[in-house]
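In case you want the letters, here they are:
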Amino acid sequence: MKQSFGNRMISLLFAVLLLFLILTAAISLPIYLRPFYYAHIDAMDLSALSGFPKEEIVRSYDAVLDYLTLPGHAFGTGVMAHSPEGAAHFADCKRLFSLNSAVFLTSGAGLLVLTLLRRRLGPYRLGRRPAAFYGGVCAILLPLVVGGLAAVNFDRAFVVFHHIFFPGKDNWLFDRETDPIITVLPQEFFLHCAVLIGAGLLVFASIAIVLSLVLQKREILPAPGTGTEYPRQPPCQQGRNLL
């Protein structure tokens, strides 16, 4: 059955929303999985690098993450001092974190609405594949492309990232004397965050692709007595075909 223009647009919207949901979910992994950071404290010997005991490092990190992820928290870095420039950079980061959360919730809500309307609107497809298949494929391509560029020169990629997301600012260049928090947030840790995000993208995207193909297979039924196959139609379309 040929898709209408409206159905194609809704299918495209479904794929885009799924891509955004997968992307923001993967970005959220290093943000909300605090044990991921805690595991780096001993592994990277951050106490020796910073001069702060592990307990104070954990408190300082939690204070920063509470500010970045929870509403109503004033900025703080525990026992570590911070400069106005450092606080301003974390305020910029908070806006990015809030944007990521907003996109995650909005895309999730949009997908939920489209899923509830699916029986009325029919299968969401782009060509011969479900829309979710293409959303998952695009999500897999992201870590391959970005990860390949970062693998060539992560230092350069790190700088380019800050120029893109913090245009015209240099307050992300911390001075360890005025903002010692930077001593417990080494660049290598952010490299590991990028790896975790890439792994999350691959896992979430693979789940979306597999589920889309399984559901597509379930929508194809053998025509009685013929051995051929035809797509399962929504109830409203089946009723019209009987008239």
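Residues numbered from 1 in each chain as written. Predicted model: local features only at pLDDT ≥ 70, side-chain atom pairs only at ≥ 80, totals over all residues. Heavy atoms only, no water.

1. Focus: the environment of Thr77
Phase 1: Following the sequence through the fold, Thr77 ends up in the loop between α4 (54-69) and α5 (84-116).
Phase 2: A relative accessible area of 2% means that Thr77 is categorised as buried.
Phase 3: Spatially, the C-alpha atoms of Thr77 and Glu56 are 9.7 Å apart, while their sequence positions differ by 21 residues.
Phase 4: Beyond its immediate sequence surroundings of up to four residues, Thr77 is in contact with Ser60, Val64, His82 and Ile181.
Phase 5: Among the polar contacts made by the side chain of Thr77, one reaches the side chain of His82 at a distance of 3.3 Å. (Helix = DSSP H or I, 4+ residues; strand = E, 2+ residues; numbered from the N terminus. Buried < 20%, exposed > 50% of the residue type's maximum accessible area, 1.4 Å probe, protein only. Contact = heavy atoms within 4.5 Å. Polar contact = N/O pair within 3.5 Å; in protein donor to acceptor, adjacent residues only side chain to side chain.)

2. Things to note about the pattern of salt bridges
Phase 1: Considering all chains together, one arrives at 6 salt bridges under this definition.
Phase 2: One salt bridge connects Asp62 with Arg34, and the closest N-O pair in it is separated by 3.2 Å. Taken as a pair, Asp62 in helix α4 and Arg34 in helix α2 (residues 34-43) lie far apart in primary sequence, 28 residues in all. No difference in accessibility class separates Asp62 from Arg34, as the two residues are buried. (Salt bridge = Lys/Arg side-chain N within 4 Å of Asp/Glu carboxyl O.)

3. Quick notes on the nonpolar core
Phase 1: Counting 24 residues, the largest nonpolar core has Tyr37, Phe90, Ile181 and Leu185 as the members making the most contacts within it.
Phase 2: At the level of secondary structure, the elements contributing two or more residues to this core comprise α2, α4, α5 and α9 (187-218).
Phase 3: Among the elements that take part in this core, α4 stands out by supplying 6 residues, more than any other.
Phase 4: With residues up to four places along the chain from it excluded, the contact list for Tyr37 reads Leu46, Ile57, Tyr61, Val184, Leu185 and Phe189.
Phase 5: Grouped together as the second largest cluster of nonpolar side chains are 15 residues, Leu17, Ala139, Leu201 and Ala205 included. (Core = buried A, V, L, I, M, F, W, Y, C linked by side-chain atoms within 4.5 Å.)

4. Observations concerning the side chain of Ser83
Phase 1: Within the secondary structure, Ser83 is located in the loop between α4 and α5.
Phase 2: We classify Ser83 as buried; its relative accessible area is 9%.
Phase 3: Within the structure, the side chain of Ser83 is placed 2.5 Å from the side chain of Asp179, a separation counted as a polar contact.

5. Quick notes on the packing of aromatic side chains
Phase 1: Evaluation of the coordinates by the stated rule reveals 13 aromatic pairs.
Phase 2: Ring geometry for Tyr38 versus Tyr61: centroids 6.4 Å apart, planes at 75°, classification edge-to-face. Here Tyr38 is found in helix α2, whereas its partner Tyr61 is found in helix α4, with 23 residues between them in sequence.
Phase 3: For Tyr61, a relative accessible area of 6% puts it in the buried group.
Phase 4: Members of the aromatic cluster, each reached through a chain of ring pairs, are Phe36, Tyr37, Tyr38, Tyr61, Phe154, Phe158, Phe189 and Phe190.
Phase 5: For Lys94, the ring lying beneath its charged end belongs to Tyr67, and the centroid distance is 4.9 Å. (Phe/Tyr/Trp six-rings, centres within 6.5 Å; stacked < 30°, edge-to-face > 60°. Lys NZ or Arg CZ within 6 Å of the ring centre and 35° of its normal.)

6. Some words on a nonpolar patch on the surface
Phase 1: A cluster of nonpolar side chains, contributed by Phe5, Met9, Leu12, Val16 and Phe20, occupies part of the molecular surface with about 460 Å² of accessible area.
Phase 2: Within the secondary structure layout, Phe20 lies in helix α1 (residues 5-32). (Patch = residues over 30% accessible without salt bridge, like charges linked within 9 Å, V, L, I, M, F, W, Y side chains within 5 Å. Areas by Shrake-Rupley, 256 points an atom, 1.4 Å probe, with all protein chains shown as cover.)

7. A short note on the side chain of Thr69
Phase 1: Residue placement: Thr69 occurs in helix α4.
Phase 2: Since its relative accessible area comes to 18%, Thr69 is described here as buried.
Phase 3: A distance of 2.6 Å separates the side chain of Thr69 from the backbone oxygen of Leu65, its partner in a polar contact.
Phase 4: What Thr69 contacts, discounting residues up to four positions off in sequence, is Ile31, Tyr32, Arg34 and Phe97.

8. What about unusual backbone geometry?
Phase 1: Non-glycine residue Asp45 carries a positive phi angle of around 50°.
Phase 2: On the secondary structure map, Asp45 appears in the loop between α2 and α3 (46-50).

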